[in-house]
Amino acid sequence: ELTGVRHDTLLGLGKTIPLLAPAPNDMEQWVNTSLAQNLQLSAAQDALQIAQQEIRRRRAGHLPTLDLVGSHGYQSIGGGTMGGRDDTLNTVMLQLNVPLFSGGLVSSQTREAVQLQEQSRDQLEQIRRATERLSRDAFRGVTTSISTVNALKQAVTSNQTALETAEAGNAVGTRTMVDVLDAQSNLFRAKRDYARARYDYLLNTLRLKQAAGMLSPSDLVSINAYLADTPAAPAGK
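Residues numbered from 1 in each chain as written. Predicted model: local features only at pLDDT ≥ 70, side-chain atom pairs only at ≥ 80, totals over all residues. Heavy atoms only, no water.

**Quick notes on the overall build of the chain**
A count of helices and strands for the chain gives five helices and four strands. Taken from N to C terminus, the helices and strands of the chain fall in the order β-α-α-β-β-α-α-α-β. For the chain, the C-alpha radius of gyration of 35 Å lies well beyond 18 Å, the compact-globule estimate for 237 residues. Expressed as a percentage of the 237 residues in the chain, the buried residues total 23%. When contacts within the chain are restricted to residue pairs at least 6 apart in sequence, those whose partners lie at least 24 apart make up 76%. Of the roughly 16700 Å² of accessible surface on the chain, a fraction of 55% belongs to carbon and sulfur atoms. Positive and negative charge centroids in the chain, built from 24 and 23 side chains respectively, lie 3 Å apart. (Helix = DSSP H or I, 4+ residues; strand = E, 2+ residues; numbered from the N terminus. Rg over C-alpha atoms; globule rule 2.2 N^0.38 Å. Buried < 20%, exposed > 50% of the residue type's maximum accessible area, 1.4 Å probe, protein only. Contact = heavy atoms within 4.5 Å. Areas by Shrake-Rupley, 256 points an atom, 1.4 Å probe, with all protein chains shown as cover. Lys, Arg positive; Asp, Glu negative; His and termini not counted. Charge placed at Lys NZ, Arg CZ, Asp CG, Glu CD.)

Printed below as a string of structure tokens:
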């Protein structure tokens, strides 16, 4: 969707990727950083300030205004018995406008601005809570993914050993083909879960930095370096 190009093959992750804990390894520090630097939260705070200024602007509709008005005019008249003449007129004046009655327009617009301010305040609180939740979830996701990846790596090794044992037993007649197929299924499932956990780890690191307002192109470049040179198999093959 982003590139507008169909990609039949994609590079997969290499065999090893660094599993680094968040730095600093303190959830509350990440939460505080997110509340101070999250871009969506900053935008919501600016929106609230604009809504507050809009109330003052609407209320000012009842106030008189004083304008400085200037004009310059030039007219050239030719012909006639008296000959032609040129007229130049310059005027500078102060213009005072005092609104007397506008059918309740200013009051209605002010009430609308007040309600929009309340809406902006509620949206700010909603985004603030969501930012805190996302930063906590992403932090836990990173730390949990590290343990999950290590555990599933051992599960792949164990299931590989179990498959080799089942194949050897089938060769000598002590195990059935059903045992071999079950062992293969368990191995493929372990490999799938292991691969998913590794991707989840990388995505959670990006989500944590995004929540903290620290995500940069260099983070994507680092993850791109983890991709293997050999493309993954096309979908459906």
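So, next bit.
**Structural notes on the packing of helix α4 (residues 177-211) against helix α5 (residues 217-224)**
Interaxial distance between α4 and α5 falls to 11 Å at its minimum, and their mutual angle equals 175 degrees. Taken together, the axes of α4 and α5 are roughly antiparallel relative to one another. Between α4 and α5, the residues in contact are L202, L206 and K209 and D219, L220 and I223, respectively. In terms of residue class, the contact of α4 with α5 is built from four nonpolar, no polar and two charged. (Axes fitted to C-alpha atoms, helices over the stretch in contact; angles between N-to-C directions. Parallel < 35°, antiparallel > 145°, perpendicular 65-115°, else oblique. Nonpolar A, V, L, I, M, F, W, Y, C, P; charged D, E, K, R; others polar.)

**Side note on the nonpolar core**
Grouped together as the largest cluster of nonpolar side chains are 15 residues, with contacts concentrated most on I17, W30, F139, V142, Y201, L202 and L208. Sorting the residues of this core by element identifies α1 (27-37), α3 (105-172) and α4 as the ones contributing at least two each. With sequence-adjacent residues up to four places away left out, L208 is seen in contact with P22, W30, S135, A138, F139 and V142. Residues V149, L152, V180 and A183 belong to the second largest nonpolar core, which totals 11 residues. (Core = buried A, V, L, I, M, F, W, Y, C linked by side-chain atoms within 4.5 Å.)

**Some thoughts on α4**
Compared with an ideal rise of 1.5 Å per residue, which puts 35 residues at 51 Å, α4 spans 50 Å between its outermost C-alpha atoms and is within 8% of the ideal. G213 sits one or two positions beyond α4 and adopts a positive phi of about 70 degrees. (Expected span 1.5 Å × (residues − 1).)

**What about the side chain of N159?**
One can find N159 in helix α3. Reaching out from N159, the side chain makes a polar contact with the backbone oxygen of A155 at a distance of 2.7 Å. Not counting residues within four places of it along the chain, the set of residues in contact with N159 comprises N186, L187 and A190. (Polar contact = N/O pair within 3.5 Å; in protein donor to acceptor, adjacent residues only side chain to side chain.)

**As for unusual backbone geometry**
Cis geometry is adopted by the peptide bond preceding P24, which originates at A23 and carries an omega value of 5 degrees. Here P24 shows up in the loop between β1 (11-13) and α1.

**Digging into the environment of V149**
If you trace the backbone, V149 turns up in helix α3. Sequence separation of V149 and L48 is 101 residues, and the distance between their C-alpha atoms is 43 Å. If we ignore the near neighbours within four places in the chain, the residues touching V149 are L19, Y194, A197 and R198.

**Structural notes on α3**
For the α-helix, the turn length of 3.6 residues means that residues three or four positions removed from each other point alike. When the terminal C-alpha atoms of α3 are compared, their 94 Å separation across 68 residues agrees well with the 100 Å that a helix rising 1.5 Å per residue should span. Within two residues after α3, G173 carries a phi angle of roughly 95 degrees, on the positive side.

**Some remarks on the environment of V106**
Note on placement: V106 falls in helix α3. Given the relative accessible area of 10%, V106 is considered buried. Sequence separation between V106 and A21 is 85 residues, and the spatial gap between their C-alpha atoms is 57 Å. Ignoring sequence-local partners within four residues, the contact set of V106 consists of R58, G61 and H62.

**Describing a nonpolar patch on the surface**
A grouping of L66, L68, V92, L94, L96, V98, L100 and F101 is seen on the molecular surface, where their side chains present a nonpolar patch of about 1000 Å² in accessible area. Those elements that provide at least two residues to the nonpolar patch are β2 (65-77) and β3 (85-97). Relative to the elements of secondary structure, L96 occurs in strand β3. Residue class for L96 comes out exposed when judged on its relative accessible area of 56%. (Patch = residues over 30% accessible without salt bridge, like charges linked within 9 Å, V, L, I, M, F, W, Y side chains within 5 Å. Salt bridge = Lys/Arg side-chain N within 4 Å of Asp/Glu carboxyl O.)

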